[in-house]
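# Descriptive structure summary
Listed below, chain by chain, are the residues.
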Amino acid sequence: MSDVKTIFGSLQSFHKGGVEVIDDDPRNYVFSNVFDVAAKAKAFERIAVGKNFEYVVECVRAEGTSPWYTCAHDEFALVLDGKVEIRLFKPDRALLAPDRSGAVALTERPTGRAMGRILAGRGHLALLPKNALYQFHAEAPSVMTIQTIQGPLTIERWAEICQTA
Amino acid sequence: MSAKPAITASEPDNYYGYRSFHIGGFAFRRDEYFVHVAWPKGNHTLSAEVFLRALQRDVAWNFFYGTVNFDGVFGTLNHYGTVDMFAGRFNDAYVKAGLDYSETFAAGPLMASFKTILDDWTNRGYDPFAAPEETARPYGRKNGENRAAIERLRVTAERMVGLPGDTPRRSDTNGYPVNRHFADVPQDEPEIHPEPGFEGEVSAFSLFAYLSRSDVTWNPSVCSVVKESLYCPTSEEFILPVEHGNDRVEWFMQLSDEIIWEVKHKDTGAPRARVVMKAGDICAMPADIRHQGFSAKRSMLLVWENNSAQIPDLIASGKAPVVPVRF
């Protein structure tokens, strides 16, 4: 039996590090913690915790059932705490222009075919295929990040989530 | 750019058994403990371990993004097609003393030269990719080779690990046992329930199990791709063998345990900050710094890169900021 202890974070238990400045501004590091962000978020807000030109990493608190989303490019969901069911659906036709960036939410699901579902737990990385529809469901509060491109649903609240001093 | 042959090698030294090498104006020699680098304006000595661990990353990363400082004096700067090899160029004291030197090479021949040195100077049983607790020591006289270790290929998924035709998952059966420091990491995989006809599109895998089976340290590998956005997770233990001075903003998300980063000014090496990252922390490394990480226990780090070829020029010309967000 190994006595090794690997430490993962969770909504219930996380410890933030931080920037110890020598000759710099801590805001240059855009330092935050995804569990801290998710703990203060509303369900299924897509809050940017990383940004590199048009690309973002969004932090999502999954709780209950999300709207249906679609996106013209691939996205990837990484579950970091809890369990999330990802339901995938193929619409009869692509709903977005090919050059459209980021995910959009739908008010109702169009016609098409069920693609399947994924039950993802901590550390699981799931493909959200381009032009598919996807919906998240979590029985208990869970945390995930989404690798995507900035879109209309991306929320930026850097001053609220990042170390500033 | 240097028109000289990329490399010339001596016969093996009668006592130490290692070859010495010349690449352009640079000369390289090793003995039992040290590597000695000479250039027209100076000389520098590194431990063989520091040199080989850094050289291994420079080779595996194909000179990586921006600057790979082997230490505070010697390193390479990638221009994606050509590469500068330098001494003292990013060291304030060397520059002020006029002792800095830099020479530009075509990337291909320089890479071949680096592989030649790495092959000659890596002894049997020593793996420059491994944590010190998991490999033999690099010191002593010439004693065989370890090509199986130094010729590993960097993993680069086209879309996502585990998809049909893409990079496979890791398992005991394909030669990736769970690392000793990750013996407690659950190995459960996500439940996948595809409808008929969508077997290849409904896909997920355990990234944590995948990383727990990594046989190398400090070697970011592409695992998922959104156009130019690359998730490059890696397992880290001991010290990042280089001080990496990126030519673009790079992001880190700490997936497990803790890494401490020492951050210095990219050009001068002056200290700027110390960044402590614990599980769930995410932060940017600005484009005007160099960084080196320290991980006491093997940890999981998600390195996130924007691979766009336009970024280095945008940042170097001042058209894009060195930080990703202003608030």
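Residues numbered from 1 in each chain as written. Chains lettered and ligands numbered in written order. Predicted model: local features only at pLDDT ≥ 70, side-chain atom pairs only at ≥ 80, totals over all residues. Heavy atoms only, no water.

Okay, the overall build of chain A next. A count of helical and extended segments in chain A gives two helices and twelve strands. In sequence order, the secondary structure elements of chain A are arranged as β-β-α-β-β-β-β-β-β-β-β-β-β-α. Since a compact globule built from 165 residues should have a radius of gyration of about 15 Å, the 17 Å found for chain A is in line with a globular shape. Its C-alpha atoms give chain A principal-axis dimensions of about 55 × 45 × 25 Å. Burial statistics for chain A: of 165 residues in total, 60% are counted as buried. By sequence separation, contacts in chain A at least 24 residues apart represent 77% of the contacts at least 6 residues apart. (Helix = DSSP H or I, 4+ residues; strand = E, 2+ residues; numbered from the N terminus. Rg over C-alpha atoms; globule rule 2.2 N^0.38 Å. Buried < 20%, exposed > 50% of the residue type's maximum accessible area, 1.4 Å probe, protein only. Contact = heavy atoms within 4.5 Å.)

All names here are of chain B. In total, this model carries 33 salt bridges over all chains according to the counting rule given. Residue E237 is joined to R298 by a salt bridge in which the shortest nitrogen-to-oxygen separation is 2.9 Å. Of the two residues, E237 is situated in strand β13 (residues 229-239) and R298 in strand β19 (residues 289-306); the sequence distance between them amounts to 61 residues. As far as burial versus exposure is concerned, E237 and R298 are alike and both buried. Its salt-bridge partner being D247, residue R248 comes within 2.9 Å of it at the nearest N-O pair. Here R248 matches D247 in class, with each residue buried. (Salt bridge = Lys/Arg side-chain N within 4 Å of Asp/Glu carboxyl O.)

Residues and elements named next belong to chain B. The side-chain alternation of strand β9 (residues 101-106) yields one buried face, formed by Y101, E103 and F105, and one unburied face, formed by S102, T104 and A106. Summarising the sheet, strand β8 (residues 82-87) and β9 pair through six bridges and their orientation is antiparallel. Its bridge partner being in β9, M85 is matched across the sheet by E103. (Pairing = 2+ DSSP bridges.)

A few words on the domain arrangement of chain B. Residue and element names in this part refer to chain B. What the domain assignment reports for chain B is domain 1 (8-150) and domain 2 (180-215 + 217-316). Just the C-alpha atoms count here: the centres of domain 1 and domain 2 sit 25 Å apart. Here domain 1 packs against domain 2, burying approximately 2100 Å² in sum over the two surfaces, 50% of which is carbon and sulfur. When the buried area of domain 1 at its contact with domain 2 is split by residue, W61, Y65 and F90 rank highest and sum to 29% of it. Our count for the domain 1 to domain 2 interface comes out at two salt bridges. Ranked by residue count, the leading element in the side of domain 1 that touches domain 2 is helix α1 (residues 48-60), at four residues. Across the side of domain 1 that touches domain 2, the residue classes break down as 13 nonpolar, six polar and six charged. (Domains from an automatic or database assignment. Buried area = accessible area lost by both parts, 1.4 Å probe. Nonpolar A, V, L, I, M, F, W, Y, C, P; charged D, E, K, R; others polar.)

A few words now on the packing of α1 of chain B against helix α3 (residues 107-121) of chain B. Residues and elements named next belong to chain B. One way to put it is that α1 packs onto α3 with a least axis distance of 10 Å and a crossing angle of 140 degrees. Put simply, α1 runs oblique to α3. α1 and α3 meet at a crossing whose hand is left-handed. Contact residues: α1 offers F51, L52, L55, Q56, D58 and V59, while α3 offers M111, F114, K115, I117, L118 and W121. When grouped by side-chain class, the residues that make up the contact of α1 with α3 number nine nonpolar, one polar and two charged. (Axes fitted to C-alpha atoms, helices over the stretch in contact; angles between N-to-C directions. Parallel < 35°, antiparallel > 145°, perpendicular 65-115°, else oblique. Left-handed = near helix turned anticlockwise from the far one by under 90°.)

The interface of chain B with chain A comprises 69 residues on the first partner and 68 residues on the second. For the pairing of chain B and chain A, the buried interface totals around 5900 Å² over both sides, and the portion due to carbon and sulfur atoms is 63%. At the boundary of chain B and chain A, one finds three salt bridges. Salt-bridge contacts for D24 of chain A lead to R272 of chain B; the nearest nitrogen and oxygen are separated by 2.8 Å. Per-element accounting of the side of chain B that touches chain A gives the leading share, eight residues, to strand β17 (residues 271-278) of chain B. In terms of residue class, the side of chain B that touches chain A is built from 44 nonpolar, nine polar and 16 charged. Of the strand pairs in this sheet, strand β1 (residues 18-21) of chain A and β17 of chain B are connected by four bridges, and their pairing is antiparallel. Its bridge partner being in β17 of chain B, E20 of chain A is matched across the sheet by R274 of chain B.

The subject of this paragraph is the nonpolar core. F28, F51, W261 and V275 of chain B are the most contacted members of the largest nonpolar core, which totals 62 residues. Looking at which domains feed residues into this core, each of domain 1 (8-150) and domain 2 (180-215 + 217-316) of chain B supplies at least three. (Core = buried A, V, L, I, M, F, W, Y, C linked by side-chain atoms within 4.5 Å.)

With five of five residues buried, strand β10 (residues 124-128) of chain A is to be regarded as a mostly interior element. Residues H124, A126 and L128 of chain A of β10 of chain A are buried on one face, and the alternating residues L125 and L127 of chain A, pointing to the opposite face, are buried as well. Pairing of strand β6 (residues 75-81) of chain A with β10 of chain A involves four bridges; the strand directions are antiparallel. Directly across from E75 of chain A, in β10 of chain A, lies its bridge partner L128 of chain A. The sheet contact formed by β10 of chain A and strand β11 (residues 204-206) of chain B spans three bridges and is antiparallel. Within β11 of chain B, the residue paired with A126 of chain A across the bridge is A204 of chain B.

A word on the packing of aromatic side chains. Residue and element names in this part refer to chain B. All told, the structure shown has 29 aromatic pairs over all chains when counted by the stated rule. Relative to W304, the ring of W251 lies with its centre 6.1 Å away and its plane at 50 degrees, an arrangement referred to as tilted. With W251 in strand β15 (residues 250-254) and W304 in strand β19, this residue pair connects regions lying 53 residues apart in the sequence. We classify W251 as buried; its relative accessible area is 1%. Over the ring of Y176 we find R170; its NZ or CZ atom is 5.4 Å from the centre of that ring. (Phe/Tyr/Trp six-rings, centres within 6.5 Å; stacked < 30°, edge-to-face > 60°. Lys NZ or Arg CZ within 6 Å of the ring centre and 35° of its normal.)

A separate point is the side chain of D120 of chain B. All names here are of chain B. Structurally, D120 is set in helix α3. Judged by its relative accessible area of 11%, D120 is buried. One polar contact links the side chain of D120 to the main-chain amide nitrogen of R19, over a distance of 2.9 Å. In this view, D120 contacts Y18, R19, F21 and K142; residues no more than four positions away in its chain are not counted. (Polar contact = N/O pair within 3.5 Å; in protein donor to acceptor, adjacent residues only side chain to side chain.)

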